[in-house]
Amino acid sequence: MSYVLIFGMILAGTTVVLVTGGMALSDAQDTAEAQRAEHTMTLFDSRAAMVALGESGAQSISFGQDSGIFETRPTDGYLAIRHSEWESGEPPVELYNETLGSVVYENGERELAYQGGGVWRLDAEGEARIISPPEFHYRGATLTLPVVRVDGNASGAGSVTARITGATRAEKVYPDASETYPAPASSRQYLNPIREGEVSVYVRSDYYRGWATYFRQRTQGNVTVFDENRTVKVKLQSIGGAPGEFDMPLEGNSIEVSGFGDDHPLTDFTLTLRGDNKDFNNGQWSLYSMEGGDEFEMHIEFEDKCNGGYGGDIDFSVYYHNSSTDVSHEWQNDSIDPSETTAFDVDCSNTEVTVDLTSVDTNLTYQDIDVSSGSNNKWCFGSHIEDRDVPSSVTLDDHHPVDGSTTFDENTGNHTMNYVVNHYMERVGLNYELTVKDGPGNSECLSGGNGSGSSRIVETQSSGVLRYTEATGAQYITYLHVTDNEINVSIDT
């Protein structure tokens, strides 16, 4: 009898070990399978981006899974972009609305999906999480959105190979001068900057909660989730403020301008530039912006060296080109005597020059800027300035009430440095970057160079102060760069 009892205990123990071990082995296999699937889908995402965004005509990837089903779902989800309150009392304008589609891997209660240029995981409770982010880039007041859509009608189980080919690539959505808003603003083109209202992006998707998490983590927008129709909305806005005192960025780096207010809001924009070896001679230095395709540059040129004192003049110019109208405005004073103005103070004992960009005792003249004193690569936009003529007159009443309706004629129109800098810094936009250019240099910033030759200003020992009245309330998106990109996915078993 005791032998039977002992044998039974041994058999029961063996069964428990086998069952428990089998369950552990099964769990380990499931975990390994899930990790392989996530890795493969992330790799698929990378290959799809190469095709959708123009680096490759076609790509293939093998899904070496032991089980599960892969399929394309070309009608899954959509992405829409709407511009609302662009004119008081008018309904929102839909700028874009297209089906996203998806590529899905299902294995039991586990689901992974490629959609919108990102990879998402859907768990058994229906909660979606981000595996890799979508193609959605929002910084400052600019949304760069290459929408990636999936087409195809294929499925396969287990180990399959997916082939990705391009169908539509970088098709313009916004800006697009050939498109106009509906009535009553039918003359208004799809152009940047967006001056009024707010832009919202809507995504309807089985993975909408993953999209919502991404929007909350990666954007400065208001996110609303609509569970009843599996939709998430992000209202894009940018909130920031004046930098105040700052260390001068190195050449090619930038000062962040955020939440720039209305009606010439500058209260203090002072630069302290440390010269190299007491020698400012032939030194050229500027701050520039290319926000939204517009061009803006404030440029300083020194005409003498510190030799017991600074005996020469200083040249200061402001250049602005509007990409939507293809019109340039240029202002210059090439004979500023630092001993007779508060705009520039050259301290040769400390090898420093202080620049007050809000000076009211120095005027600039509206004219074609003369860059003949040095090669145009000492500017960011030098070649453009030489190639473009300014209109014979300009009336500055098109943006800011404070401008009034004064008309400035070429070579006769004058205004203070404070007025001109204020006007064009506001005209550039609400949020943008001012990037440092230091010369003389060997290459223009437009051709990828950063003035790699000698320089006269030591940025690591220079500084500045930038203060302005900040725009009130939530500050909304200003620049849209949206393209439509479609890939076709086929699956071979």
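How should I be thinking about the overall build of the protein in this particular structure?
When its secondary structure is counted, the protein shows four helices and 31 strands. The buried share among the 493 residues of the protein stands at 51%. Restricting to contacts in the protein with at least 6 residues of sequence separation, those with at least 24 account for 69%. Counting every atom, the protein has about 21500 Å² of accessible surface; 45% of that belongs to carbon and sulfur.

How should the side chain of H299 be read in this particular structure?
Tracing the chain through its elements places H299 in strand β20 (residues 295-302). Given a relative accessible area of 1%, H299 falls into the buried group. A polar atom in the side chain of H299 sits 2.9 Å from the side chain of Q284. In this structure H299 touches Q284, W285, S286, D315, F316, S317, K378 and W379, once residues within four positions along its chain are discounted.

Any chance you could explain the sheet that holds strand β3 (residues 93-99) here in plain terms?
Strand pairing in a sheet relies on backbone hydrogen bonds. The paired strands run either parallel or antiparallel. Read from one edge of the open sheet, five strands run β3-β2-β13-β15-β14, paired in antiparallel fashion. Each having just a single partner strand, β3 and β14 (221-226) make up the two edges of the open sheet. When the angles between neighbouring strand axes are averaged without regard to direction, this sheet yields 15 degrees. In this structure, strand β2 (residues 78-84) lies alongside β3, joined through six bridges in antiparallel fashion. Each residue of the ladder has a partner; that of A80, found in β3, is N97. Here helix α2 (residues 208-218) sits on the sheet in contact with β13 (198-204), β14 and β15 (231-236), set at roughly 165 degrees to β14.

Would you take a moment to explain the packing of aromatic side chains for this structure?
For any two aromatic rings, the description comes down to two numbers: the centre-to-centre distance and the angle of the planes. Counted according to the given criterion, the structure contains 15 aromatic pairs. Ring geometry for Y320 versus Y424: centroids 5.6 Å apart, planes at 35 degrees, classification tilted. Within this pair, whereas Y320 is found in strand β21 (residues 314-322), its partner Y424 is found in helix α4 (residues 417-428), the two being separated by 104 residues in sequence. Under the relative-accessibility criterion, Y320 is labelled buried at 1%. Feature note: the residues W120, F136, W211, Y214 and F215 constitute an aromatic cluster, connected by ring pairs. When the ring centre of Y202 is taken as origin, the NZ or CZ atom of R82, which lies over that ring, is 4.3 Å away.

Which parts of the structure should I look at to understand the environment of E135?
Position of E135 relative to the elements: it lies in the loop between β7 (128-132) and β8 (137-139). E135 sits in the buried class, given a relative accessible area of 15%. For E135 and G117, which are 18 residues apart along the polypeptide, the C-alpha to C-alpha distance reads 5.0 Å. Beyond its immediate sequence surroundings of up to four residues, E135 is in contact with A49, L53, G116, G117, L145, P146 and V148. Within polar-contact distance, the side chain of E135 engages the side chain of H137 at 3.1 Å.

Just checking my understanding: could you explain the nonpolar core for this structure?
Soluble globular proteins tend to bury their nonpolar side chains together. With 48 residues, the main nonpolar core has F269, M298, F316 and M425 as its most contacted residues. For this core, the element with the most residues is α4, which contributes six residues. Those residues in contact with F269 that lie beyond four places of it in its chain are F246, L287, M298, V355, D356, L357, T358, M425, L434, V465 and L466. Counting residues in hydrophobic clusters, the runner-up holds 36 residues, among them V104, F136, L143 and Y190.

Could you clarify how one ought to interpret the environment of Y96 in this entry?
Along the chain, the position of Y96 falls in strand β3. When the C-alpha atoms of Y96 and A80 are compared, they prove to be 5.2 Å apart, with 16 residues separating the residues in sequence. A polar contact is formed between the side chain of Y96 and the side chain of D484, at a distance of 2.4 Å.

Whenever I open this one, unusual backbone geometry confuses me. Can you help?
Trans peptide bonds make up most of the peptide bonds, and negative phi angles are found at most residues other than glycine. Residue P175 is bonded to the preceding Y174 through a cis peptide linkage, with omega at 0 degrees. Positionally, P175 belongs in the loop between β10 (155-174) and β11 (176-180). Positive phi values are uncommon outside glycine, yet A170 reaches one of about 55 degrees. Looking at the secondary structure, you find A170 in strand β10. Exposure remark for A170: the relative accessible area of 47% places this residue in the partly exposed category. Positive phi is not limited to glycine here, since H264 has a value of about 55 degrees.

What counts and what doesn't
- Residues numbered from 1 in each chain as written.
- Predicted model: local features only at pLDDT ≥ 70, side-chain atom pairs only at ≥ 80, totals over all residues.
- Heavy atoms only, no water.
- Helix = DSSP H or I, 4+ residues; strand = E, 2+ residues; numbered from the N terminus.
- Buried < 20%, exposed > 50% of the residue type's maximum accessible area, 1.4 Å probe, protein only.
- Contact = heavy atoms within 4.5 Å.
- Areas by Shrake-Rupley, 256 points an atom, 1.4 Å probe, with all protein chains shown as cover.
- Polar contact = N/O pair within 3.5 Å; in protein donor to acceptor, adjacent residues only side chain to side chain.
- Pairing = 2+ DSSP bridges.
- Axes fitted to C-alpha atoms, helices over the stretch in contact; angles between N-to-C directions.
- Phe/Tyr/Trp six-rings, centres within 6.5 Å; stacked < 30°, edge-to-face > 60°.
- Lys NZ or Arg CZ within 6 Å of the ring centre and 35° of its normal.
- Core = buried A, V, L, I, M, F, W, Y, C linked by side-chain atoms within 4.5 Å.

Keep in mind these numbers describe shape, not what the thing actually does.
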